[in-house]
Amino acid sequence: MSILLVGVNHKTAPVEIREQLAFNDEACATGLRQLVDGDVVREGLIVSTCNRVEILGATASDKLEFGAGRIQQFLDTSGHLPPGFLEAHLYRHTDEEAVRHLFRVASSLDSMVVGEPQILGQVRHAYALGVEAGTVGRVLNRLVHHTFKVAKRVRNETGIASSAVSISYMAVELGKKIFGDLKGCSVMLLGAGEMAELSARHLVNAGAARVVIANRTEATARQIAQEFGATTVSLDQMDQYLGDADVVICSTGAPDFVVTAELVRKTLERRRNRPTCFIDISVPRNIEPAVSKIPNVFLFDIDDLESVITSNIREREREAERAELIVQSEVMQFQQKLRLMDFGPSIGAMQQNMQDIAREELARQRKRLGPLTQEQEAAIEVLLMSTVKKISHPLLNQMRRFYETSEPEPMELPKDPFEE
Amino acid sequence: MRSLLLAAVAAYLIAAIHSILAFVNKRRSLQRVAEWSTAAGFILHTSALVADWVIDGHYPLFSLREALSFLAWALVALYCVVLYKYRTQAVGAFTMPLISVLTLVALLIGTSPNAPATFSATWLFPIHTTLLIFAYAAFAIAFMASVMYLLQERELKLKTFGAIFHRLPPLTTVNELATSAAALGLLLLTLGIVSGVMWSSTRFGRYWRNDPKEIFALLTWLLYFVLIVYRLSASWRGRSAAWLGVVGFALVLLTFFGARLLGGYHVFG
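Residues numbered from 1 in each chain as written. Chains lettered and ligands numbered in written order. Predicted model: local features only at pLDDT ≥ 70, side-chain atom pairs only at ≥ 80, totals over all residues.

**So, the overall build of chain A**
Regarding its fold elements, chain A presents 13 helices and ten strands. A compact globule built from 420 residues should have a C-alpha radius of gyration of about 22 Å, whereas chain A, at 32 Å, is more than 25% larger. Within the span of chain A, comprising 420 residues, buried residues form 39% of the whole. Partitioning the contacts of chain A with sequence separation of at least 6, the portion at a separation of at least 24 is 71%. (Helix = DSSP H or I, 4+ residues; strand = E, 2+ residues; numbered from the N terminus. Rg over C-alpha atoms; globule rule 2.2 N^0.38 Å. Buried ≥ 20, exposed ≤ 12 C-beta atoms within 10 Å, placed from the backbone. Contact = placed C-beta atoms within 7 Å.)

**Quick word on the overall build of chain B**
Counting its regular elements, chain B contains ten helices and zero strands. Listing the helices and strands of chain B from first to last along the sequence gives α-α-α-α-α-α-α-α-α-α. Compactness check: chain B gives a C-alpha radius of gyration of 19 Å against a globular reference of 18 Å for 269 residues, within 12% of the reference. Overall, chain B is about 60 × 45 × 30 Å in size when its C-alpha atoms are taken along their principal axes. Excluding contacts between residues fewer than 6 apart, the proportion of contacts in chain B whose partners are at least 24 apart in sequence is 80%.

**Looking at the domain arrangement of chain A**
Examined at the domain level, chain A breaks down into domain 1 (2–161), domain 2 (167–310) and domain 3 (344–405). Centre-to-centre separation of domain 1 of chain A and domain 3 of chain A, based on C-alpha positions: 44 Å. (Domains from an automatic or database assignment.)

**Points about helix 3 (residues 64–86) of chain B**
In this model, helix 3 of chain B (23 residues) spans 32 Å end to end at C-alpha, consistent with the 33 Å of a helix rising 1.5 Å per residue. After helix 3 of chain B finishes, the residue B:Arg87 shows a positive phi value of roughly 55 degrees. (Expected span 1.5 Å × (residues − 1).)

**Considering the nonpolar core**
In terms of nonpolar packing, the biggest core is built from 129 residues, with A:Leu189, A:Phe278, B:Leu71 and B:Ala137 touching the most fellow members. With 18 residues, the single largest contributor to this core is helix 6 (residues 124–158) of chain B. Among residues more than four places away in sequence, those in contact with A:Phe278 are A:Val248, A:Cys250, A:Val259, A:Ile287, A:Val291, A:Val297, A:Phe298 and A:Leu299. (Core = buried A, V, L, I, M, F, W, Y, C linked by C-beta atoms within 7 Å.)

**Brief notes about the interface of chain B and chain A**
The interface is formed by 15 residues belonging to chain B together with 20 residues belonging to chain A. Looking at the side of chain B that touches chain A, the elements with two or more residues in it are helix 6 and helix 8 (171–204) of chain B. Ranked by residue count, the leading element in the side of chain B that touches chain A is helix 8 of chain B, at three residues. For the side of chain B that touches chain A, a count of residues per class yields five nonpolar, five polar and five charged. (Nonpolar A, V, L, I, M, F, W, Y, C, P; charged D, E, K, R; others polar.)

**Let's talk about the confidence of the model for chain B**
Residues and elements named next belong to chain B. For chain B, the average pLDDT comes to 84, and 90% of its residues sit at 70 or higher. At the level of individual helices and strands, chain B shows its lowest average pLDDT in helix 5 (residues 117–121), which scores 57, and its highest in helix 6, which scores 90. Here the prediction assigns the complex a pTM of 0.72, and the interface score ipTM is 0.80. (pLDDT = per-residue confidence, 0-100.)

**Remarks on the domain arrangement of chain B**
Residues and elements named next belong to chain B. Looking at the assigned domains, one finds that chain B contains domain 1 (1–113) and domain 2 (122–269). Centre-to-centre, using C-alpha coordinates, domain 1 lies 20 Å away from domain 2. Contacts between the two partners involve 22 residues from domain 1 and, on the opposite side, 19 residues from domain 2. Ranked by residue count, the leading element in the side of domain 1 that touches domain 2 is helix 3, at nine residues. Class assignment for the residues of the side of domain 1 that touches domain 2 results in 17 nonpolar, four polar and one charged.

**Here's the deal with the sheet that holds strand 5 (residues 186–190) of chain A**
What links the strands of a sheet is backbone hydrogen bonding, and the strands pair in either a parallel or an antiparallel sense. Residues and elements named next belong to chain A. The strand order 7-6-5-8-9-10 describes an open sheet built from six strands, whose pairing is parallel. Pairing within the sheet leaves two strands with one partner each, and these edge strands are strand 7 (231–234) and strand 10 (297–301). Taken over all neighbouring pairs, the strand axes of this sheet differ in orientation by 15 degrees on average, direction set aside. Where strand 5 meets strand 6 (residues 210–215), five bridges bridge the pair, whose relative direction is parallel. Bridge pairing in strand 6 places Leu-190 opposite Ala-214. On top of the sheet, helix 9 (residues 218–228) reaches strand 6 and strand 7; it is set at about 170 degrees to strand 6, its chief contact. (Pairing = 2+ DSSP bridges. Axes fitted to C-alpha atoms, helices over the stretch in contact; angles between N-to-C directions.)

**A word on the sheet that holds strand 4 (residues 91–94) of chain A**
Residue and element names in this part refer to chain A. Pairing is antiparallel in the open sheet, where four strands are placed in the order 2-3-1-4. Edge strands, defined here as strands with exactly one partner in the open sheet, are strand 2 (43–48) and strand 4. For this sheet the average axis-to-axis angle between neighbouring strands, irrespective of direction, equals 15 degrees. In this structure, strand 1 (residues 2–9) lies alongside strand 4, joined through four bridges in antiparallel fashion. What sits directly across from Leu-5, in strand 4, is His-93.

**Some details on the packing of helix 4 (residues 95–106) of chain A against helix 6 (residues 138–157) of chain A**
Residue and element names in this part refer to chain A. Relative orientation of the contacting elements helix 4 and helix 6 amounts to 45 degrees, with a least axis distance of 9 Å. Overall, the two elements helix 4 and helix 6 adopt an arrangement that is oblique. When the axes of helix 4 and helix 6 are compared, the crossing they make is right-handed. Residues Val-99, Leu-102, Phe-103 and Ala-106 of helix 4 lie in contact with helix 6, whose contacting residues are Leu-143, Thr-147, Val-150 and Ala-151. Residue classes in the contact of helix 4 with helix 6 are distributed as seven nonpolar, one polar and no charged. (Parallel < 35°, antiparallel > 145°, perpendicular 65-115°, else oblique. Left-handed = near helix turned anticlockwise from the far one by under 90°.)

**Here we look at the pairing of strand 3 (residues 52–59) of chain A**
All names here are of chain A. In terms of burial, strand 3 is a largely internal element, eight of the eight residues being buried. A two-sided burial pattern is seen for strand 3, the buried positions comprising Arg-52, Glu-54, Leu-56 and Ala-58 on one face and Val-53, Ile-55, Gly-57 and Thr-59 on the other. Sheet analysis places strand 1 next to strand 3, joined by eight bridges and oriented antiparallel. Residue pairing for strand 3: Val-6 is matched across the bridge by Ile-55. Between strand 2 and the antiparallel strand that follows it, strand 3, lie three residues.

**Observations concerning unusual backbone geometry**
Residues and elements named next belong to chain A. Going from Val-283 to Pro-284, the amide bond is cis rather than trans, its omega being 0 degrees. On the secondary structure map, Pro-284 appears in the loop between strand 9 (276–280) and strand 10. Within the chain, Asp-95 stands out as a residue other than glycine whose phi angle is a positive 45 degrees. Locating Asp-95 in the fold gives a position in helix 4. Residue Asp-95 is classed as partly exposed on the basis of its 19 C-beta neighbours within 10 Å.

**Let's talk about the packing of helix 1 (residues 2–25) of chain B against helix 4 (residues 90–109) of chain B**
Residue and element names in this part refer to chain B. Their axes nearest at 8 Å, the elements helix 1 and helix 4 cross at an angle of 155 degrees. Considered as vectors, helix 1 and helix 4 are oriented roughly antiparallel to each other. Both helix 1 and helix 4 take part in a crossing whose hand is left-handed. From helix 1, Arg-2, Leu-5, Leu-6, Ala-8, Val-9, Tyr-12, Leu-13, Ala-15, Ala-16, Ser-19, Ile-20 and Phe-23 reach across to helix 4, where they touch Ala-90, Gly-92, Ala-93, Met-96, Pro-97, Ile-99, Ser-100, Thr-103, Leu-104 and Leu-107. Grouping the constituent residues of the contact of helix 1 with helix 4 by class yields 17 nonpolar, four polar and one charged.

Have a look at this one:
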């Protein structure tokens, strides 16, 4: 059996094409039943996310080309595209390359943002749909389970997902770098924009205990406050609450500074110099840059956040190199497994053939032996079978070894010499 | 026991290399190796000290060799406590190399003169030295935590976010570590000085000799006292406190090594 992968992703096709091709859950199930015919495409799976549409199939080794054509045709018709239109955007991977591609996708090495965690869940979902549609068989089952294992290994053994790469998550990362643990930290939002709200949600998920929201329009503030169990105050009261906040996220949209250095100096006295982290995501800036010069106060404006993100992305890329090595070794392991999976049944068939030959020969000569007791009959059977086994065992072993180490045509099975 | 100490040095070196690699590569598996070999080194080192004590017949803390070896041992003990309490593995990348070097130097110095009976006879003297060695070790930890604080704070203030930013522990953690290590050091130093004064007075009838080591020790005590008082009054933390931790350690080094050069009563084999 061979593995085949045909698809488009964010690197090869623009969103207009990707959305045309995308499958929802229902389309996925009907599409799979249509595609997997048990002959050319024996097993199938559709991974459809906003960044990629990929079809994974298992075919007989000699029908690889044909299978790829079938899948491409299927994509054309399901996307209502003229034949050949996709040619420039599609990639096709077979066998080792297909396995590597799937491993990389699930480990988030092929993602737009390397290390983003959603993709594994999406692959899992695709697998569940395939199982439900009954188009996942022996080969893809093994492959997908191995894929989950690889993704887990990459996640645990590299720091590919350890640092924040989005503005909203940055507050958590910076807070952790200053306070260590965010448990018990209190957060203050000045202005209740969407980004501030998202940041606050991340902080609360990371353990922040208290949220205070100060907004110009209190109705908006109250609406967001409900979600976090937060307190709302008016912007004028801000001074009184600033002293309690460990992390302050500012996005008021005011034309000038809302938080001045003088104000921060005063609140710091009340805080007995406990460090404070100010995050200013507003443009024009709402926190006076001089705040940054005050000891024990850390101020980050939108450009600073961008530069941390750049540095974090570089860090992730370094980790991704290590992840590639893990993927490489796992691809080799899986190929080995797959070959043995093909080889196992064919060995069984060979042994069966030999035993049948022995039994046939016995049946032909049986008359000449005359009447025998049941015990003698059994003895002859044992004699024949153990002879077959003892002669074939070293031969089959040698074939297996040869098969395991043969590189160039890994998918081709050794011919059963007893057939025909 | 040289062979035991040699084995301990080997274990410490393995721990040091793995700690540094774990720090650079951020790999948990390397850190685990480092921690296990630190534990093995500590057990070997402890047995070496006990064996020395039994064979030489005196408390193994008198000559420079013994002092270095004992200091390394105290550092390992404190490092284990730090690891257990704060989970700041990064400390290992700084501490383990120092421990390896100290133990290695102690190993290379070789034999040392035996302590005169004057010193080994009373129980106050070994208490005096042990307390002070542990105080120095605590100050060393406080120093390293202060340096880490300064490095991390610099990254955060300048927003450079390089490799250091990703690898050093959080500010509050190292700040806390520096404070508690300095407080522990101050407590031990106080007790060490008091026990020294007591010993001196019962032995020679003199409390104070104005010996260079004594003067430096007093200065060190004053500096850390100021540091702790200010830290506890909380108006003073962060950078300036961290700088004081660094300066304080320079004084500690002067007390430990410098006083040897200046001569005086406190210089032994």
